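Listed below, chain by chain, are the residues.
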Amino acid sequence: MPFPGSQIHDTIGLAYFLHCYINLFRIAGLALIAMPVYHYWKHGKLRQKIVPAFFILFYALIFYFFNFIAQADKMFVQPSNKIFSSASVNKVSEKNLVIGVAIKGESKAFPIQFIGYHHQVMDTIGGTRVIVTYCTVCRSGRVFSPLINGRPEKFRLVGMDHFNAMFEDAGTGSWWRQENGEAIAGPLKGKLLDEIPSQQMTLKEWIAEHPETKILQPDSLFENDYEMLKGYDYGFTKNPLEYTDPESWQMKSWVVGVVAGDHEKAYDWNEIERVRMINDTIGFIPVLVLLEKDSFSFHTFGRIIDNQELFFQWNGSLQSITDSETSSVWNSRGECIEGSLKGKVLTPLPCYLEYWHSWKQFHPNTTTYQMN
């Protein structure tokens, strides 16, 4: 759990050691006080009996609090009623941001307001098991396969590492980082969960792309918890761990992190909002960063079609993009809808919206985009 200094320094090794041997420390601690308590209780005066009894009672309360109330998976409980609805009967506002997943013809949307509280939701999409995760302190959403060595595993939230949610698998007790699915402590240290492609966008845009999608509905048992994250989607919260800094490149500034091959790059959200479209190169890969007209849904693509690099232009009045090489028209999904390249599709690249402190912490080799 996040104690002072634990999120700044590399304390996972010590934390995992204490976690594994906590019962031995408890036994040793009880052994140290057993004899004095017995002595005073048997031979002491009334006051000498009351004082140790008070401290034992105080310790019992502390023990109960940290082991049955303040544990991460007790504070952020998994949904009891996992209900999905079609768009026609959906009760979630289409302005809400969602993590969308599409596998083998089936698509589902998971509102951030809900999974931000639960931190993880286990499900099956297109016959594939998935674990949809979100860390509100990092503003990072990821979807993974919960299979370890080919077998489905259950996970529980155990705390944070450098402010990123951390899960423990039930089988081996290893600790896994939410940001990249890496095991950072335990028998499976160094292994990675397989990531499943996902997109973050408004529910309205997700429905437009996937009309047959199913949408996770709110669990009535957690209405008050969801309410606490009501303004989170658009940065309207004053929580010191979850607020949004309107300035660029600050700890809580929004960035879009893009992965292209072996290279990674961060793009300032304020700059993306200003220009709406960026032609750039990451490593040796030409990329396109594109913001939808709703100003919250975004995409990144490779700019190569048939071995030809394309340069795109934004037509603000028509809300469309064209490539300079053939003057073909493209939609925001990377599909050419008019011109000589009609039917061609740009290759999507993994991209994530999160706080700058999170992206630079877990992607230390990232570069940053600076407007010329």
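Read on for an overview of the structure. Being a predicted model, the structure only gives us computed values, none of them experimental. (Residues numbered from 1 in each chain as written. Predicted model: local features only at pLDDT ≥ 70, side-chain atom pairs only at ≥ 80, totals over all residues. Heavy atoms only, no water.)

Below, the discussion takes up the sheet that holds strand E18 (residues 285–291). Spatially, the three strands line up as an open sheet ordered E17-E18-E19, and their pairing is antiparallel. Strand pairing shows two members of the sheet lacking a second neighbour, strand E17 (277–282) and strand E19 (298–302), which therefore form its edges. With direction set aside, neighbouring strand axes in the sheet form an average angle of 20 degrees. Across six bridges, the pairing between E17 and E18 is antiparallel. Residue pairing across strands places Met277 opposite Leu290, the latter belonging to E18. (Pairing = 2+ DSSP bridges. Helix = DSSP H or I, 4+ residues; strand = E, 2+ residues; numbered from the N terminus. Axes fitted to C-alpha atoms, helices over the stretch in contact; angles between N-to-C directions.)

Next up on the list: the sheet that holds strand E9 (residues 155–161). An order of E9-E10-E11-E12 is seen for the four strands of this open sheet, with the pairing classed as antiparallel. Lying at the two open borders of the sheet, with one neighbouring strand each, are E9 and strand E12 (183–185). Direction aside, the axes of adjacent strands within the sheet are offset by 40 degrees on average.

We now examine the packing of aromatic side chains. What the rule picks out here adds up to 19 aromatic pairs. Centre to centre, the rings of Phe222 and Tyr226 are 6.3 Å apart; their planes meet at 50 degrees, and the pair counts as tilted. For Tyr226, a relative accessible area of 5% corresponds to the buried category. Within the aromatic cluster, the residues linked to one another by ring pairs are Phe76, Phe114, Tyr117, Phe222 and Tyr226. Above the ring of Phe84, the side-chain terminus of Lys108 is found at 4.2 Å from the ring centroid. It is Arg139 that lies over the ring of Tyr232; its NZ or CZ is 4.4 Å from the centre. (Phe/Tyr/Trp six-rings, centres within 6.5 Å; stacked < 30°, edge-to-face > 60°. Buried < 20%, exposed > 50% of the residue type's maximum accessible area, 1.4 Å probe, protein only. Lys NZ or Arg CZ within 6 Å of the ring centre and 35° of its normal.)

This part covers the pattern of salt bridges. Scanning all chains against the criterion turns up twelve salt bridges. Ionic pairing is found between Glu168 and Arg156, a salt bridge with its closest N-O pair at 2.9 Å. Separated by twelve residues along the polypeptide, Glu168 in strand E10 (residues 164–169) and Arg156 in strand E9 bring together distant segments of the chain. The residue Lys344 makes a salt bridge to Asp306 at a minimum N-O spacing of 3.1 Å. Of this pair, Lys344 sits in the loop between strand E25 (336–338) and strand E26 (351–355) while Asp306 is found in the loop between strand E20 (304–305) and strand E21 (308–309), placing the two residues 38 residues apart along the sequence. A cluster of three or more residues bridged by salt bridges with shared partners is formed by Lys82, Lys108 and Asp123. (Salt bridge = Lys/Arg side-chain N within 4 Å of Asp/Glu carboxyl O.)

Secondary-structure assignment places His118 in helix H5 (residues 112–118). Looking at His118, the relative accessible area reads 1%, which means it is buried. Sequence separation of His118 and Leu221 is 103 residues, and the distance between their C-alpha atoms is 12 Å. Once residues within four sequence positions are removed from consideration, His118 is found in contact with Phe76, Val77, Gln78, Pro79, Phe222 and Tyr226. Here Val77 takes part through its backbone oxygen, which lies 2.6 Å from a polar atom of the side chain of His118. (Contact = heavy atoms within 4.5 Å. Polar contact = N/O pair within 3.5 Å; in protein donor to acceptor, adjacent residues only side chain to side chain.)

Looking at the second largest pocket, its volume works out to about 600 Å³. Broken down by element, the lining of the second largest pocket gets its largest block of residues, four residues, from E19. Considered class by class, the residues forming the lining of the second largest pocket number 14 nonpolar, seven polar and four charged. (1 Å grid on protein atoms, 1.4 Å probe; cavity = no way out; pocket = protein on both sides within 12 Å on 5 of 7 lines; lining within 4 Å. Points joined across faces, edges and corners; volume = space filled by probe spheres on them. Nonpolar A, V, L, I, M, F, W, Y, C, P; charged D, E, K, R; others polar.)

This part takes up empty space enclosed by the protein. Picture a little ball the size of a water molecule; that probe, rolled over the atoms, points out where space is still empty. Scanning all chains against the criterion turns up three cavities of 30 Å³ or more. Lining the largest cavity are Ile99, Gly141, Arg142, Ser198, Gln199, Gln200, Phe298, Cys351, Tyr352 and Leu353. Those elements that place two or more of their residues in the lining of the largest cavity are strand E6 (140–144), strand E13 (199–202) and E26. Ranked by residue count, the leading element in the lining of the largest cavity is E26, at three residues. Class assignment of the residues belonging to the lining of the largest cavity gives a composition of five nonpolar, four polar and one charged. A volume near 60 Å³ is recorded for the second largest cavity. Taken together, Ile131, Thr133, Phe144, Phe155, Phe167, Trp176, Arg177, Gln178, Gly181 and Leu193 form the lining of the second largest cavity. For the lining of the second largest cavity, the secondary-structure elements that each account for two or more residues are strand E5 (128–135) and strand E11 (175–177). For the lining of the second largest cavity, the class distribution of residues is six nonpolar, three polar and one charged.

Attention now moves to the nonpolar core. Residues Phe110, Ile115, Val256, Tyr267, Trp269 and Ile272 are the most contacted members of the largest nonpolar core, which totals 48 residues. The contact partners of Val256, leaving out residues within four places of it in the chain, are Lys265, Ala266, Tyr267, Trp269, Ile272, Phe298, Cys351, Tyr352 and Leu353. With 17 residues, the next largest nonpolar core counts Val137, Ile148, Ala165 and Leu193 among its residues. (Core = buried A, V, L, I, M, F, W, Y, C linked by side-chain atoms within 4.5 Å.)

Taken by themselves, the reported measurements are silent on function.
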